[in-house]
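Examination of the molecular architecture
These are the residues of each chain, in order.
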Amino acid sequence: MQTIDLTAASRRSLPRALAAVLILLTVSAAGCAGLMVYVRPLIDRHLDPAFAGVLGVVTGIAALLLGVFAFGAAGVLVFLLVRAPAFLARQGIRLDPGGLTLYQERSGWSRERSLHIPWGGLAGVGEPANPEARRGFAGSVLHLDGAADAAPPQWAHVVAPGAEPPEGEPVSDAYRVFLQLPEDVARDLPRTVAGYRAAVAPAAAPPPAADGRWFSFRGMRVLGWAVAGFLPALFLTGVLGWSWYDSGDPFLAVPAGAAGAAVLGALAVGPRFWAPQGVRLDARGLSVRRGPGPFLRGTRHFVPWEEVHALTRHERPRGTGTGSARLPVLEVHATGPAPESPLPRWARYVPAGTPGWGTVTDTPRLVLAPADARAASEILHLAERLRPVPASAPVPGPGAVPPRTDVWVELPRRGLQRAVGALGFFLITVLMAVTLGFDLFAEPRMLLFVVLPSVLLAAWALWRLPEAAAGSGILITDDAVELVRNRCLWRSGVRTVVPLSSVTAVRRVRAPSLTGLAGGWPVEDAVDLFVTGNPGRTPHWVRRGRGGEPGTLRLRVMGGPAVLPLTGGVGGRLRPEAGAAPVRSPE
């Protein structure tokens, strides 16, 4: 047996990373505290009030930015301390007559990680196409003939067939393991492996059969909860609470209390993100699991392979605009019963004919939202290898989509940025007033021009926030068009049914829009539906107007490029005998 020890190199990298983070944390925290505790009083005491006000605003903004850097450095420091046992553990590459093993022993709260590759499953060792790496390190690639379903050490990255590889690498039809090694180890690894394999390895054996594997969906959800919810709320609570305590202004009690309530709310929903959760695939079937947590019951839903007749994958837009990110969606089409317990938020059971995450099908299905495209590709590939093929009929492959009777167009959330921006403007106004030392309730002009507009703007934003955050979409069937906005918090849902027999024309237009202006252009794509009669209440993203002919109403569906499928979906189903005009392009 021959061992390539990587423990020393791993342990050397930890102090360097900790030193860099500690320096950043110390400088940013000391700078923030110095500006607020020492510099700000000197400005108020020794400078002209007019100039001191402007300089005070600049000082406050600088202190806020340094505070953000301090919070970010503290988060990185916590991450490094949590991962410290993994850096200190004994680890390396072991060569023995059975094969090659990438190992990382258990240390502290870090679990053991080991990936064994038999000699019959190792096709070769090479260099990556993109040689960029950290200073003092270099990359190596292990090309495999079989599967690599175990968890490798932190310096190894497994890429499944068809999955997105590291930047600059081509997509492959086989499993690969990308390694980050010290330069001398990476340079000698191909020669070392080839020499040992030629000396002791037996004749190549067929790769082992595919085994079960666990795909965790927790990591990115915990990160999103911390970055988008808990840490900003905690930071605002500290800033507003300190300002309220320092100034004694009762006006600050409301935003400080709201920020504190946001922290408590983030902690209340935290177990849904912290609990172990994910998908497990084995020879029996697919299982969706979420472990128990504080004040949270665990849930599990199992789908045997005998009930699965197709697996498909598509993407849905994260936001509005042609450049918005695309999120992967996996659909498991199965004939089994509905889940008995509630599923996690990243999984849905969608009955036949019901829209779910961008599609409508004739069969019930389990819809999953993996964290990234790589996880989606690996799940789909492993499921196709594990799922048995019945002898009676061929099973549709990953590209086979069951017949679609309806079309579901999922729309981005409109107005959410404006509502959140209005709340942010309210908080910034309050902070600037406190920073400048204004008494908001002492002068009538402050009440009229600052306090009242800010309160009205915040009230409008809170009222619009539920409908802006609600999910929306358009369901196109053979008989009608349904404009749907889901219920959210205290705002009820809206479902407007427009029969196709009442649609006289469909037109694609470019309409003025604040959403388009935020994207750099004052207009955006929209679709006009000309209908006879009054369809009733419509969602907030539909503008009503005159149709140009007596008894005709124009419904302008806003949404940017996401609504463009409405022209083909509706225009292709209009019946000439109903008197419908053809689809018209922008005029």
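Per chain, the residues get numbers from 1 upward, laid out in the order the sequence is written. Predicted model: local features are reported for residues with pLDDT of at least 70 only, side-chain atom pairs are reported and counted for 80 or more only, and whole-chain, interface and lining totals are derived from all residues. Note that the side-chain values use all heavy atoms of the structure and ignore hydrogens as well as water.

To continue, consider the side chain of Thr 552. What counts as a helix is a DSSP run of H or I of at least four residues, what counts as a strand is a run of E of at least two, and both are numbered from the N terminus. Secondary-structure assignment places Thr 552 in strand E24 (residues 552-558). Accessible area is worked out with a 1.4 Å probe on protein chains only. A residue is then buried under 20% of its type maximum, exposed over 50%, and partly exposed in between. A relative accessible area of 13% places Thr 552 in the buried class. Setting aside chain neighbours within four positions, we find Thr 552 in contact with Thr 504, Phe 530, Val 531, Arg 546 and Gly 547. Residue contacts follow a heavy-atom distance rule, with two residues in contact if any of their heavy atoms lie within 4.5 Å.

For the rest of this paragraph, the subject is the environment of Arg 374. Along the chain, the position of Arg 374 falls in helix H6 (residues 373-386). On the basis of relative accessibility, which here comes to 25%, the residue Arg 374 falls in the partly exposed class. Expressed as a C-alpha distance, the spacing of Arg 374 and Pro 165, which sit 209 residues apart in the sequence, is 8.0 Å. Apart from the residues lying within four places of it in its own chain, the contact partners of Arg 374 are His 157, Val 158, Ala 163 and Glu 164.

Further remarks concern the nonpolar core. Grouped together as the largest cluster of nonpolar side chains are 31 residues, with contacts concentrated most on Ile 93, Leu 100, Leu 102, Leu 142, Val 177, Leu 179 and Leu 181. Sorting the residues of this core by element identifies strand E2 (91-96), strand E3 (99-104), strand E4 (113-118), strand E6 (137-144), strand E7 (156-159), strand E8 (176-182) and helix H3 (183-200) as the ones contributing at least two each. Looking at which element gives the most residues to this core, the answer is H3, with five residues. Leave out the neighbours within four places in its chain, and Leu 179 touches Leu 102, Ala 138, Gly 139, Ser 140, Leu 142, Trp 155, Ala 156 and Leu 189. In terms of nonpolar packing, the next biggest core, distinct from the first, is built from 25 residues, Phe 215, Leu 330, Leu 366 and Ala 369 among them. The nonpolar core is taken to be a set of buried Ala, Val, Leu, Ile, Met, Phe, Trp, Tyr and Cys residues, with the residues joined through side-chain atoms within 4.5 Å.

Okay, the sheet that holds strand E21 (residues 503-512) next. When DSSP finds two or more bridges between two strands, those strands count as paired. If you trace the four strands from one edge of the open sheet to the other, you get E21-E22-E24-E23, paired in antiparallel fashion. Each having just a single partner strand, E21 and strand E23 (542-546) make up the two edges of the open sheet. Neighbour to neighbour, the strand axes of the sheet diverge by 25° on average, direction disregarded. Where helices are involved, their axes are fitted lines through C-alpha atoms of the stretch in contact, as for all axes, and angles between N-to-C directions lie from 0 to 180°.

Let us look at the confidence of the model for the protein. As a per-residue measure, pLDDT reflects the predictor's confidence and takes values from 0 up to 100. On average, residues of the protein score 77 in pLDDT, and 80% of them are at 70 or above. A low-confidence stretch, residues 391-402 stays under pLDDT 50, and its non-local contacts, those more than four residues away or across chains, total 22 contacts. Within the model, the stretch residues 575-587 combines pLDDT values under 50 with 25 contacts to residues more than four positions away or in other chains.

The subject of this paragraph is the sheet that holds E7. Read across the open sheet, the four strands follow the order E5-E6-E8-E7; overall the sheet is antiparallel. Two strands lie at the open edges of the sheet, namely strand E5 (122-126) and E7, each paired on one side alone. Averaged over all neighbouring strand pairs, the angle between strand axes comes to 20°, with direction disregarded. Here four bridges tie E5 to E6, and the two strands are oriented antiparallel to one another. Across the sheet, the residue bridging to Gly 126 is Val 141, located in E6.

Salt bridge criterion: a side-chain nitrogen from Lys or Arg within 4 Å of a carboxyl oxygen from Asp or Glu. The full count for this structure, using the stated rule, is 10 salt bridges. Where Asp 188 meets Arg 191, a salt bridge forms, and the shortest distance between an N and an O atom there is 2.9 Å. Remark: Arg 191 and Asp 188 occur in helix H3; sequence separation between them is three residues, near one turn of the helix. On the basis of relative accessibility, which here comes to 27%, the residue Asp 188 falls in the partly exposed class. The residue Arg 510 makes a salt bridge to Asp 525 at a minimum N-O spacing of 2.8 Å. Note that Arg 510 is positioned in strand E21 and Asp 525 in strand E22 (residues 523-532), a separation of 15 residues in sequence. Taking relative accessible area as the criterion, Arg 510 reaches 46% and is therefore assigned partly exposed. In the salt-bridge network here, residues are joined through shared partners; they are Arg 187, Asp 188 and Arg 191.

Quick look at the packing of aromatic side chains now. Note on aromatic pairs: the rings of Phe, Tyr and Trp (six-membered ring only in Trp) are paired at centre separations within 6.5 Å, and the planes decide the class, stacked below 30 degrees, edge-to-face beyond 60, tilted for the rest. Using the criterion set out here, one finds five aromatic pairs in the structure. Between Phe 217 and Trp 346, the ring centres sit 4.4 Å apart and the planes meet at 55°, which makes this aromatic pair tilted. Within this pair, whereas Phe 217 is found in the loop between strand E9 (213-216) and helix H4 (219-247), its partner Trp 346 is found in the loop between strand E14 (326-334) and strand E15 (347-350), the two being separated by 129 residues in sequence. Accessibility expressed as a relative area gives 4% for Phe 217, which makes it buried. Measuring from ring centre to ring centre gives 5.1 Å for Trp 225 and Phe 230, while their planes differ by 10°; the resulting arrangement is stacked.

Here H4 crosses helix H5 (residues 253-274) at 155°, and the two axes come no closer than 8 Å. If you check the angle between H4 and H5, you find them roughly antiparallel. Judged by the sense of rotation from one axis to the other, the crossing of H4 with H5 is left-handed. Should an angle fall under 35 degrees it is called roughly parallel, over 145 degrees roughly antiparallel, and 65 to 115 degrees roughly perpendicular, with every other angle called oblique. Rotating anticlockwise by less than a right angle from the far helix to the near helix defines a left-handed crossing, while the corresponding clockwise rotation defines a right-handed one.

Nonpolar side chains collect at one region of the surface, where Leu 462, Trp 463, Leu 489 and Trp 490 lie side by side and expose about 480 Å² of accessible area between them. Within the fold, Leu 462 resides in helix H8 (residues 444-469). The patch calculation keeps residues exceeding 30% relative accessible area without a salt bridge and links them within 9 Å when they carry like charges or within 5 Å when they are nonpolar (Val, Leu, Ile, Met, Phe, Trp, Tyr). Only the protein chains shown count as cover for residues, with accessible areas throughout obtained via the Shrake-Rupley method and a probe of 1.4 Å.

Quick look at H3 now. Three or four residues apart is the spacing at which side chains of an α-helix point the same way, because the helix has 3.6 residues per turn. For a helix, the expected span equals 1.5 Å multiplied by the number of residues minus one. Over its 18 residues, H3 extends 26 Å from the first C-alpha to the last, a length consistent with the 26 Å expected when each residue adds 1.5 Å. In this analysis the local bend is the angle between axes fitted, respectively, to the seven residues ending at and the seven residues starting at the residue. Of all the bends found along H3, the most pronounced is centred on Leu 189 and spans about 45°, while Pro 190, a proline, follows it within four residues. Listing the buried residues of H3 in full gives Val 185, Ala 186, Leu 189, Thr 192, Val 193 and Tyr 196. Check the buried side of H3 and you find it contacts strand E1 (2-5), E2, E3, E5, E6 and E8.

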